[in-house]
Amino acid sequence: MEDLTDAQRLDRFALKYAHDSCQVTEVRRVPHDSLSGYAWSVRFTEGS
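Computed from a predicted model, the values in this text were never measured in an experiment.

Chemist: An account of the environment of leucine 4 is needed here, citing residue identities and associated values.
Modeler: As for its placement among the helices and strands, leucine 4 is situated in the segment before α1 (6–17). Distance from leucine 4 to serine 21, taken between C-alpha atoms, is 24 Å for residues 17 residues apart in sequence. Ignoring anything within four residues of it in the chain, the contact list for leucine 4 reads Arg9 and Arg12.

What follows is the structure, encoded as structure tokens:
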């Protein structure tokens, strides 16, 4: 996932949330206390 472009990450997460009628607007890497040291922050809007 780290080696994908921003547009590719948006597409990848958009597919995950598409079934809930959500539009992914931002995906970014954020620090996190996990084994990898980071997590993915996903911002999206819900459709009607």
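Chemist: Lay out the pattern of salt bridges with the relevant residues and their values.
Modeler: Going through the model one piece at a time under the given rule, you end up with three salt bridges. One salt bridge in this structure joins glutamate 26 and arginine 28, with 3.7 Å as the shortest N-O distance. Looking at arginine 28, the relative accessible area reads 41%, which means it is partly exposed. Connected through salt bridges with shared partners, the residues Glu26, Arg28 and Arg43 form a single ionic network.

Chemist: If you had to explain the environment of threonine 25 to someone new, which residues and values would you point to?
Modeler: Note on placement: threonine 25 falls in strand β1 (residues 22–31). By relative accessible area, threonine 25 is classed as partly exposed at 42%. Taking C-alpha positions, threonine 25 is 19 Å from aspartate 3, a pair spaced 22 residues apart along the chain. Ignoring any residue separated from it by four or fewer positions in sequence, one finds threonine 25 in contact with Leu10, Arg43, Phe44 and Thr45.

Cut-offs applied
- Residues numbered from 1 in each chain as written.
- Predicted model: local features only at pLDDT ≥ 70, side-chain atom pairs only at ≥ 80, totals over all residues.
- Heavy atoms only, no water.
- Helix = DSSP H or I, 4+ residues; strand = E, 2+ residues; numbered from the N terminus.
- Contact = heavy atoms within 4.5 Å.
- Salt bridge = Lys/Arg side-chain N within 4 Å of Asp/Glu carboxyl O.
- Buried < 20%, exposed > 50% of the residue type's maximum accessible area, 1.4 Å probe, protein only.

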